[in-house]
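Structure at a glance
Each chain, written out:
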Amino acid sequence: NRIDALNHFLDVAQHAVSERLVDDNRTTAMVKTISFSASAPATEQFIKELEGFVRARVAAVEEETQFSGTTDGRYAVSLLATPLTSSESAER
């Protein structure tokens, strides 16, 4: 349900922020925000393509790991996209 999804997202976000920004882990942790201007239809298409690409790459990496028999643990990727208000856009 949506509450479970929110809790999982927040847990992953907390781990990512801690690993990357507190522990300075630059190899297996990332926190990145990229702001851009686009039309709603272009953004909708971009989001679909981005999710598809990430899902395909995650599946490929996981399959490679299973075949190699080696793993360093589990990882998580969270994706966010949202329209920014006019004032938020002006600040960036």
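Details of the structure are given in the entry above.
Note that the coordinates shown come from a computational prediction; the quantities given were computed from them, not determined experimentally.

Here the focus is the packing of aromatic side chains. Aromatic rings in a pair are described by how distant their centres are and how their planes are angled relative to each other. Per the counting criterion, the structure on display carries 1 aromatic pair. Their ring planes at 70° and their centres at 5.7 Å tell us that Phe 36 and Phe 46 sit as a pair that is edge-to-face. In this pair, Phe 36 sits in the loop between α1 (2-22) and α2 (40-68) while Phe 46 sits in helix α2, placing the two residues 10 residues apart along the sequence.

Helix length check: α2, at 29 residues, gives a terminal C-alpha distance of 42 Å against a target of 42 Å (1.5 Å per residue), a fit within 8%. The backbone nitrogen of Ala 42 lies 3.2 Å from a side-chain oxygen of the residue at the head of α2, namely Ser 39.

By the definition in use, this model includes 5 salt bridges. Two residues, Arg 26 and Asp 24, come together in a salt bridge whose shortest N-O distance is 3.1 Å. A residue is classified by how much of its surface remains accessible, and Arg 26, at 61% relative accessible area, is exposed. Arg 55 is paired through a salt bridge with Glu 51; the nearest N and O atoms lie 2.8 Å apart. In this pair, Arg 55 and Glu 51 are both assigned in helix α2, 4 residues apart and thus about one turn of the helix distant. The class of Arg 55 is exposed, set by a relative accessible area of 58%. Classification of Glu 51 as partly exposed rests on a relative accessible area of 35%. Put simply, Arg 20, Asp 24 and Arg 26 are held in one network by salt bridges that share partners.

By volume, the largest pocket is sized at about 2,400 Å³. For the largest pocket, the lining is made up of 49 residues, of which Met 30, Ala 76, Val 77, Ser 78 and Leu 79 are closest to its centre. Contributing elements (two or more residues each) for the lining of the largest pocket: α1 and α2. When residues of the lining of the largest pocket are assigned to their parent elements, the largest contribution, 13 residues, is made by α2. Split by residue class, the lining of the largest pocket holds 26 nonpolar, 15 polar and 8 charged.

Quick notes on the rules
- Residues numbered from 1 in each chain as written.
- Predicted model: local features only at pLDDT ≥ 70, side-chain atom pairs only at ≥ 80, totals over all residues.
- Heavy atoms only, no water.
- Phe/Tyr/Trp six-rings, centres within 6.5 Å; stacked < 30°, edge-to-face > 60°.
- Helix = DSSP H or I, 4+ residues; strand = E, 2+ residues; numbered from the N terminus.
- Expected span 1.5 Å × (residues − 1).
- Polar contact = N/O pair within 3.5 Å; in protein donor to acceptor, adjacent residues only side chain to side chain.
- Salt bridge = Lys/Arg side-chain N within 4 Å of Asp/Glu carboxyl O.
- Buried < 20%, exposed > 50% of the residue type's maximum accessible area, 1.4 Å probe, protein only.
- 1 Å grid on protein atoms, 1.4 Å probe; cavity = no way out; pocket = protein on both sides within 12 Å on 5 of 7 lines; lining within 4 Å.
- Points joined across faces, edges and corners; volume = space filled by probe spheres on them.
- Nonpolar A, V, L, I, M, F, W, Y, C, P; charged D, E, K, R; others polar.

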